[in-house]
Amino acid sequence: MYQRIVNLEQYIDDISIFLFGARQTGKSTLLKKRFPTAIYIDLLNTETFAKFSRRPSLLYDLYHGKGAEDVIIIDEIQQIPLILNEVHRLISERNIRFILCGSSARKLRRQGYNTLGGRAFPCYLFPLASAEIPDFDLDRALSHGMLPHCYDAKNAYLLLSAYVDVYLKEEIKAEALVRNLDNFQRFLDAAALTDGEIVNYNNIATDCWVSAHTVKEYFSILEDTLIGYTIPAYTKTIKRRVVQSPKFYLFDVGLTNYLLHRKEVVKGTPEYGHALEHFVMQELTAYIRYNRKEEKLCYWRTSTGLEVDAVIGDKLAIEIKSTEDVQPKHIKNLKAFKEEHPDFKLMVVSLDKISRNLGDVEQLYILDFLRMLWAGELF
């Protein structure tokens with residue numbers, strides 16, 4: 001079993017928690033391990049769901065005698081949003097602490113349900129991070145992805161196939177988020193093709209035979225159900241005109257591989273380079289969220305095509321390269337960025353095993369980079 005990094009205990013002593021994460025990131029396993037004595041209510045259990053959906057106030061009736069020392073976990077909270085009214089009552093009257101777990105915040109946000117008015121702190125669980133895996137294998141991660149049940153599996157591709165099927169049925173169809181699942185499946189394939197690219201709604205709409213408005217709504221569904229996220233552009237500029245549209249990433253590199261029909265990514269191919277970039281962005285996203293860093297993760301691209309993969313706050317600019325021999329040509333975009341932003345630290349992350357300084361650019365071998373990232377040594 002993996003030792004997850006996310007620290008929920010630091011919050012639960014003082015406040016209730018919303019724990020969100022895409023399906024199969026390990027939320028239920030984590031909560032049962034970390035809080036073995038908590039009262040556990042699983043709304044995916046048919047009998048439990050039927051009982052509370054008929055009468056959400058049953059939660060109050062059952063637990064109004066509990067006190068501040070008790071913790072109640074409600075798994076898949078989005079299944080019965082009205083139960084949040086009873087959660088609110090129990091927090092206000094009895095100071096009971098709740099951990100409210102779910103794979104979608106869409107119903108809660110979009111339909112105006114009670115979000116507890118600041119009485120619950122939002123936390124997120126991502127796929128596995130490299131620091132959570134003993135004897136971490138980069139090539140396996142780039143091919144299989146980092147979902148706990150896929151990373152070490154013999155047939156991760158088959159498991160990811162089932163994952164997409166479950167996601168479409170449970171998250172999309174069951175919640176009636178879209179009218180036409182065939183259109184949404186075409187959109188998912190198109191979204192995978194644009195993974196790590198600047199979002200162009202009109203081009204995707206043409207490929208999917210739907211309107212640009214529908215494509216925007218589909219992207220919002222992916223974000224609300226935590227299947228994808230956008231990385232904004234870094235727009236501070238002095239001379240060069242920069243692109244301002246966001247990039248989009250699916251939440252796990254393995255899911256991208258499946259949707260693009262890549263059973264294995266091979267070193268030396270463009271696909272390997274794309275997977276490496278996605279993986280590093282995935283690690284940066286998790287590190288920033290888990291450690292509550294104030295720095296924002298962005299990318300930088302000029303109208304003439306100069307690009308830096310990751311810009312972190314106003315501190316660090318990172319290029320991600322799959323080469324095993326970093327040359328001056330691999331850092332020219334960082335040099336251009338430095339002309340605009342001289343106070344930034346510059347870094348290239350690559351498969352080159354000799355970590356060293358190349359003038360004012362620090363070259364880090366990918367495994368050294370990952371170790372330093374999770375040790376808090378980079379920013």
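Engineer: Quick question: what am I supposed to make of the side chain of Ser 16 here?
Structural biologist: Within the element layout of this structure, Ser 16 appears in strand β1 (residues 16-20). Classification of Ser 16 as buried rests on a relative accessible area of 3%. Among the polar contacts made by the side chain of Ser 16, one reaches the main-chain amide nitrogen of Phe 98 at a distance of 2.8 Å. Dropping the residues within four chain positions of it, Ser 16 is found in contact with Ile 91, Ile 96, Arg 97, Phe 98, Arg 119, Ala 120 and Phe 121.

Engineer: It is not clear to me how empty space enclosed by the protein should be interpreted in this structure. Could you clarify?
Structural biologist: One water molecule sets the probe size; rolling that probe over the atoms shows where empty space is left. Using the criterion set out here, one finds two cavities of 30 Å³ or more in the structure. In this model, the largest cavity occupies a volume close to 80 Å³. If you go around the largest cavity, the residues you meet are Val 6, Asn 7, Leu 8, Gln 10, Tyr 11, Pro 122, Cys 123, Tyr 124, Arg 289, Tyr 290 and Arg 292. In terms of residues, the lining of the largest cavity owes the most to one element, strand β5 (residues 120-124), which gives three residues. Split by residue class, the lining of the largest cavity holds seven nonpolar, two polar and two charged.

Engineer: Would you explain the packing of helix α9 (residues 156-173) against helix α10 (residues 181-193) in this entry?
Structural biologist: Packed helix pairs are characterised by how far apart their axes lie and by the angle those axes make with each other. Between α9 and α10, the shortest axis-to-axis distance is 12 Å and the interhelical angle comes to 130°. Between α9 and α10, the angle falls in the class oblique. Once α9 is placed against α10, the crossing between them reads as right-handed. Listed contacts from α10 to Val 164, Tyr 167, Leu 168, Ile 172 and Lys 173 of α9 are Leu 181, Phe 184, Gln 185 and Leu 188.

Engineer: What exactly am I supposed to notice about the state of the cysteines here?
Structural biologist: Structurally, a disulfide amounts to a covalent bond that connects the sulfur atoms of two cysteines. A full pass over the atoms with the stated rule returns zero disulfides. Cys 101 supplies the cysteine sulfur nearest to Cys 150, a cysteine that is in no disulfide, at a spacing of 18 Å.

Engineer: What's the story with the pattern of salt bridges in this structure? I'm lost.
Structural biologist: Once their charged atoms are close, side chains differing in charge can pair, the charge on each being opposite to the other. Going through the model one piece at a time under the given rule, you end up with 19 salt bridges. For Arg 23, the salt bridge is made with Glu 76, and the minimal N-O distance between the two is 3.8 Å. Residue Arg 23 is located in the loop between β1 and α2 (27-34), and its partner Glu 76 is located in the loop between β3 (71-75) and α5 (83-94); the two are separated by 53 residues in the primary sequence. The class of Arg 23 is buried, set by a relative accessible area of 12%. Residues Asp 61 and Arg 55 are paired through a salt bridge, measuring 2.6 Å at the closest nitrogen-oxygen approach.

Engineer: Could you clarify how one ought to interpret the side chain of Asp 352 in this entry?
Structural biologist: Relative to the helices and strands, Asp 352 is located in the loop between β12 (345-350) and β13 (356-358). Asp 352 gets classed as buried once you look at its relative accessible area, which sits at 4%. Those residues within four positions of Asp 352 in sequence are excluded, and the remaining contacts are Thr 323, Glu 324, Asp 325, Val 326, Gln 363 and Tyr 365.

Engineer: For this particular structure, what's the right way to read α5?
Structural biologist: Every α-helical turn comprises 3.6 residues, leaving residues that sit three or four positions apart pointing alike. Across its twelve residues, α5 extends 16 Å between first and last C-alpha, which sits within 8% of the 16 Å expected from 1.5 Å per residue. Ile 83, Leu 84, Glu 86, Val 87, Leu 90 and Ile 91 are the residues of α5 that are buried. The buried residues of α5 occupy one face: seen down the axis, they fall within an arc of 155°. Residue Asn 95 follows α5 closely and has a positive phi angle near 60°.

Engineer: Even after reading the chapter, I still don't get the sheet that holds strand β10 (residues 307-312), so can you show me in this structure?
Structural biologist: For sheets, the rule is that strands pair by backbone hydrogen bonds, running either parallel or antiparallel. A sheet is described by the order of its strands in space; here six strands give the open sequence β9-β10-β11-β12-β14-β13, paired in mixed fashion. Strand pairing shows two members of the sheet lacking a second neighbour, β9 (297-301) and β13, which therefore form its edges. Direction aside, neighbouring strands of the sheet carry axes that sit 30° apart on average. Most of the contacts of helix α16 (residues 366-374) go to strand β14 (residues 361-365), to which it runs at about 100°, and overall it touches β11 (316-320), β12 and β14.

Engineer: For this particular structure, what's the right way to read the packing of α10 against helix α12 (residues 212-224)?
Structural biologist: Between α10 and α12, whose axes approach to 11 Å, the crossing angle comes to 75°. One element, α10, and the other, α12, form an angle in the roughly perpendicular class. On α12, the residues that touch Asn 183, Phe 184, Phe 187, Leu 188 and Ala 191 of α10 are Val 215, Tyr 218, Phe 219, Ile 221 and Leu 222.

Cut-offs applied
Residues numbered from 1 in each chain as written. Predicted model: local features only at pLDDT ≥ 70, side-chain atom pairs only at ≥ 80, totals over all residues. Heavy atoms only, no water. Helix = DSSP H or I, 4+ residues; strand = E, 2+ residues; numbered from the N terminus. Buried < 20%, exposed > 50% of the residue type's maximum accessible area, 1.4 Å probe, protein only. Polar contact = N/O pair within 3.5 Å; in protein donor to acceptor, adjacent residues only side chain to side chain. Contact = heavy atoms within 4.5 Å. 1 Å grid on protein atoms, 1.4 Å probe; cavity = no way out; pocket = protein on both sides within 12 Å on 5 of 7 lines; lining within 4 Å. Points joined across faces, edges and corners; volume = space filled by probe spheres on them. Nonpolar A, V, L, I, M, F, W, Y, C, P; charged D, E, K, R; others polar. Axes fitted to C-alpha atoms, helices over the stretch in contact; angles between N-to-C directions. Parallel < 35°, antiparallel > 145°, perpendicular 65-115°, else oblique. Left-handed = near helix turned anticlockwise from the far one by under 90°. Disulfide = S-S within 2.5 Å. Salt bridge = Lys/Arg side-chain N within 4 Å of Asp/Glu carboxyl O. Expected span 1.5 Å × (residues − 1). Arc of directions from axis to C-beta. Pairing = 2+ DSSP bridges.

Purely spatial values, then, with no claim about function.
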